[in-house]
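What follows is the residue order along each chain.
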Amino acid sequence: MPSEKVLKEKQDIVAALAEKMKNASAGVFVSYSGLTVEKDTELRNALRAAGVEYSVVKNTLTRRAAEQIGYTEFDEILNGTTALATHADDVVAPAKVLCDFIAKYKEASGLTVKAGFMDGKACSVAEIDALAKIPSKDTLYAMLAGGLNATIAGLARAIQAVADQQETA
């Protein structure tokens, strides 16, 4: 039986992890077995640049935190080495950075996706892969702005053509 102090520390960790998972718009669980220190540093730098919070988690404590907020689907994947990547605002960022890293190094990365969650719903590995293929929020905004700009530019050219035609007539 653990001491009261240790039990309290673990309860605090579970509460903090549950809060982090609940407030995240998306999260991805990965196995990092075989990941070298060099590649781990590169991965952490890429995640940090994207604003993704990444940490190694204990399976038992993560299982309890997940159950607290209603995720029962993660029982089977919470074994072995486990890390969690979350983002508070961007649904795509954790999946995109992790899947891009895995694709960059293929099997030599030592990193594999276990499962994930998005907006309160558990996601399979296939759903995480599909999510990673969606352009980032900034890219989507740029595409939208470009589309709107092209429409407005086309309208301006049409109005100018009508004005030029009326001047010559």
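In this numbering scheme, every chain counts its residues from 1 along its sequence in written order. Only residues with pLDDT of at least 70 get local features here, since the model is predicted, and only at 80 or more are side-chain atom pairs given and counted; chain-wide, interface and lining totals rely on the full set of residues. Based on all heavy atoms of the structure, the side-chain values leave hydrogens and waters out of the count.

A. Representation of the overall build of the protein in the model. From N to C terminus, the protein includes 6 helices and 5 strands. A run of H or I in DSSP becomes a helix once it reaches four residues, and a run of E becomes a strand once it reaches two; helices and strands are each numbered from the N terminus. Going from N to C terminus, the protein has its helices and strands arranged as α-β-α-β-α-β-α-β-β-α-α. Taken against the 2.2 N^0.38 rule, which gives 15 Å for 169 residues, the C-alpha radius of gyration of the protein at 23 Å runs more than 25% over that of a compact globule. C-alpha atoms of the protein, sized along the principal axes, occupy 95 × 35 × 25 Å. Counting only residues that meet the buried cut, the protein has 34% of its 169 residues in that class. Sequence-distant contacts, at least 24 apart, represent 80% of the contacts inside the protein between residues at least 6 apart. Under the convention used here, a 1.4 Å probe and the Shrake-Rupley method define accessible areas, while residue burial counts only the protein chains that appear. Surface summary for the protein: the accessible area is close to 10,200 Å², and the carbon and sulfur share equals 58%. Positive charges come from Lys and Arg alone, negative charges from Asp and Glu alone, with His and the N- and C-terminal ends not counted. Just so you know, the charge point we use is NZ for Lys, CZ for Arg, CG for Asp and CD for Glu. Both charge centroids of the protein, one from 19 positive and one from 22 negative side chains, sit 6 Å from each other. Here the globule rule is a power law, 2.2 Å times the number of residues to the power 0.38, and the radius of gyration is based on C-alpha atoms. Burial classes follow relative accessibility: with a 1.4 Å probe on protein chains only, a residue under 20% of its type's maximum area counts as buried, one over 50% as exposed, and anything between as partly exposed. Whether two residues touch is decided by their heavy atoms; if any such pair falls within 4.5 Å, the residues are in contact.

B. Representation of the pattern of salt bridges in the model. For salt bridges, the criterion is a side-chain nitrogen of Lys or Arg within 4 Å of an Asp or Glu carboxyl oxygen. This model, assessed by the stated rule, comprises 7 salt bridges. Residue K20 is joined to E53 by a salt bridge in which the shortest nitrogen-to-oxygen separation is 3.3 Å. Residue K20 is found in helix α1 (residues 4-23), and its partner E53 is found in strand β2 (residues 53-56); the two are separated by 33 residues along the sequence. Judged by relative accessible area, which is 18%, K20 ranks as buried. The partner of K104 in a salt bridge is E42, and the shortest N-O contact between them spans 2.8 Å. With K104 in helix α4 (residues 93-105) and E42 in helix α2 (residues 37-49), this pair connects stretches of sequence that are 62 residues apart.

C. Layout of the packing of α1 against helix α3 (residues 59-68). The angle between two axes is taken between their N-to-C directions and runs from 0 to 180 degrees, where each axis is a line fitted to C-alpha atoms and a helix contributes only its stretch in contact. Interhelical geometry of α1 versus α3 gives an angle of 55° and a closest axis separation of 8 Å. Our classification of the angle between α1 and α3 gives oblique. Viewed along their axes, α1 and α3 form a crossing whose handedness is right-handed. Taking contact as the criterion, the partners of K10, I13, V14, A15, L17, A18 and M21 in α1 are, on α3, L61, T62, R64, A65, A66 and Q68. To sort the angles, those under 35 degrees are grouped as roughly parallel, those over 145 as roughly antiparallel, those from 65 to 115 as roughly perpendicular, and the leftovers as oblique. If you view the pair so one helix is near and one far, a crossing is left-handed when the near helix is turned anticlockwise from the far one by less than a right angle, and right-handed when it is turned clockwise.

Worth remembering: the numbers are spatial, not functional.
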